[in-house]
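Each chain, letter by letter, is given below.
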Amino acid sequence: MNLEVTLGGYMDKHERAAAFGGSDGQAYSVAIYVEDAVDASGRFGASLLFVRWSAAGDRPVGHLESEVLAQGRTQAEAEERIRALSLYDVKEALEQAIARAPGDW
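Described below are features of the structure shown in this document. In this text the structure is predicted, and so the values were computed from the model without any measurement.

Considering unusual backbone geometry
At step 1: For Glu15, which is not glycine, the phi torsion reads 55° and is therefore positive.
At step 2: Examined against the element boundaries, Glu15 turns out to sit in the loop between α1 (7–14) and β1 (19–21).

This is the structure:
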């Protein structure tokens, strides 16, 4: 498998966050967020944080969050699992977050 098509593979190879254009015409970069505490099932949840950038690309102007997309018995396991998501799945998570977002920022 080409690891560069995964979120973690991309981040490792390029030493930066992956970035996407959203269906709303805005630019986003993506970061991984892992919960500090376990949920009711005893697992740590991992989500994606999409930072929305200004039109000039010089400053963040907001963010969106995905649902929990991966879980693990440890924080490291949850992070490993979310890093294994394909970039296509990450883009889909961004589009779902855009769809759930309020109209105006």
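Next comes the rest of the account.
Quick notes on the pairing of strand β3 (residues 44–53)
At step 1: For β3, the buried fraction is high: eight of the ten residues fall into the buried class.
At step 2: Strand direction decides the pairing type here: strand β2 (residues 27–34) and β3, joined by seven bridges, are antiparallel. What sits directly across from Tyr28, in β3, is Arg52.
At step 3: Pairing of β3 with strand β5 (residues 70–72) involves three bridges; the strand directions are antiparallel. Opposite Ala46, over in β5, you have Ala70 as the bridge partner.

Let's talk about helix α3 (residues 87–100)
At step 1: Along its 14 residues, α3 runs 20 Å from first to last C-alpha, staying within 8% of the 20 Å computed at 1.5 Å per residue.
At step 2: Regarding α3, the residues found buried are Leu87, Val90, Ala93, Leu94, Glu95, Ala97 and Ile98.
At step 3: On its buried face, α3 is in contact with α1, β1, β2, β3 and β4 (60–65).

Observations concerning the environment of Arg16
At step 1: You can see Arg16 is positioned in the loop between α1 and β1.
At step 2: On the accessibility criterion, Arg16 (45% relative accessible area) is partly exposed.
At step 3: Considering only alpha carbons, one finds Arg16 and Ala31, 15 residues apart in sequence, at a separation of 9.8 Å.
At step 4: The residues contacting Arg16, other than those within four sequence positions of it, are Tyr10 and Met11.
At step 5: Among the polar contacts listed, one links the side chain of Arg16 to the side chain of Tyr10, at a separation of 2.5 Å.

Here is what the cut-offs are and how they apply
Residues numbered from 1 in each chain as written. Predicted model: local features only at pLDDT ≥ 70, side-chain atom pairs only at ≥ 80, totals over all residues. Heavy atoms only, no water. Helix = DSSP H or I, 4+ residues; strand = E, 2+ residues; numbered from the N terminus. Buried < 20%, exposed > 50% of the residue type's maximum accessible area, 1.4 Å probe, protein only. Pairing = 2+ DSSP bridges. Expected span 1.5 Å × (residues − 1). Contact = heavy atoms within 4.5 Å. Polar contact = N/O pair within 3.5 Å; in protein donor to acceptor, adjacent residues only side chain to side chain.

Purely spatial values, then, with no claim about function.
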